[in-house]
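Spelled out, the chains give:
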Amino acid sequence: MTERWVIHLPVVVNDLLTAQRLARVIAHWTHVLPQTEPGGTTVSPEDDQNVRHWVFCDRRVGDGQRCRLRPDHDGACTRRFRVR
């Protein structure tokens, strides 16, 4: 077992799109903390938490971290947040 720990913060909303939007906002807020990896954020149904949906693209960019765009984005991956 590694010495890394993951914090699970339950937040309940009514649909996948709203869950992804809220998760993106929370991830954006936490990006200033060096302990967080906003790109690894996922959401799941409350009653099936093993089924996870990416909030950001899961492709890695040059520095080994994940792309910060939506999973279905057009164009090249980036570490910069895009406002829609």
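Everything below is about the structure shown above.
The next thing to look at is helix α1 (residues 16–30). Over its 15 residues, α1 extends 21 Å from the first C-alpha to the last, a length consistent with the 21 Å expected when each residue adds 1.5 Å. Of the residues making up α1, those classed as buried are Ala-19, Gln-20, Ala-23, Arg-24 and Ala-27. The arc that holds the buried residues of α1, viewed along the axis, is 135°, so those residues lie on one side. Those residues of α1 that are buried are in contact with β1 (42–43) and β2 (53–54). Here α1 starts with a cap whose side-chain oxygen sits 3.3 Å from the backbone nitrogen of Leu-17, and that cap is Asp-15.

Below, the discussion takes up the side chain of Gln-20. For Gln-20, the location among the structural elements is in helix α1. Once you skip the residues sitting within four places of it in the chain, Gln-20 turns out to touch Val-43, His-53, Trp-54 and Val-55.

For Asp-74, the position within the fold is in the segment after β2. Taking the relative accessible area as the measure of exposure, Asp-74 reaches 65% and is therefore exposed. Along the sequence, Asp-74 and Leu-16 sit 58 residues apart, while their C-alpha atoms lie 20 Å from each other.

Turning to the environment of Cys-57, a few remarks are in order. By secondary structure assignment, the location of Cys-57 is in the segment after β2. Expressed as a C-alpha distance, the spacing of Cys-57 and Pro-71, which sit 14 residues apart in the sequence, is 3.8 Å. Not counting residues within four places of it along the chain, the set of residues in contact with Cys-57 comprises Gly-39, Arg-66, Cys-67, Leu-69, Arg-70, Pro-71, His-73 and Cys-77.

Below, the discussion takes up a nonpolar patch on the surface. A surface patch of nonpolar side chains, amounting to about 670 Å² of accessible area, comprises Ile-7, Leu-9, Val-11, Leu-22, Val-25 and Trp-29. Considering the arrangement of structural elements, one finds Leu-9 in the segment before α1.

Rules behind the numbers
Residues numbered from 1 in each chain as written. Predicted model: local features only at pLDDT ≥ 70, side-chain atom pairs only at ≥ 80, totals over all residues. Heavy atoms only, no water. Helix = DSSP H or I, 4+ residues; strand = E, 2+ residues; numbered from the N terminus. Expected span 1.5 Å × (residues − 1). Buried < 20%, exposed > 50% of the residue type's maximum accessible area, 1.4 Å probe, protein only. Arc of directions from axis to C-beta. Contact = heavy atoms within 4.5 Å. Polar contact = N/O pair within 3.5 Å; in protein donor to acceptor, adjacent residues only side chain to side chain. Patch = residues over 30% accessible without salt bridge, like charges linked within 9 Å, V, L, I, M, F, W, Y side chains within 5 Å. Areas by Shrake-Rupley, 256 points an atom, 1.4 Å probe, with all protein chains shown as cover. Salt bridge = Lys/Arg side-chain N within 4 Å of Asp/Glu carboxyl O.

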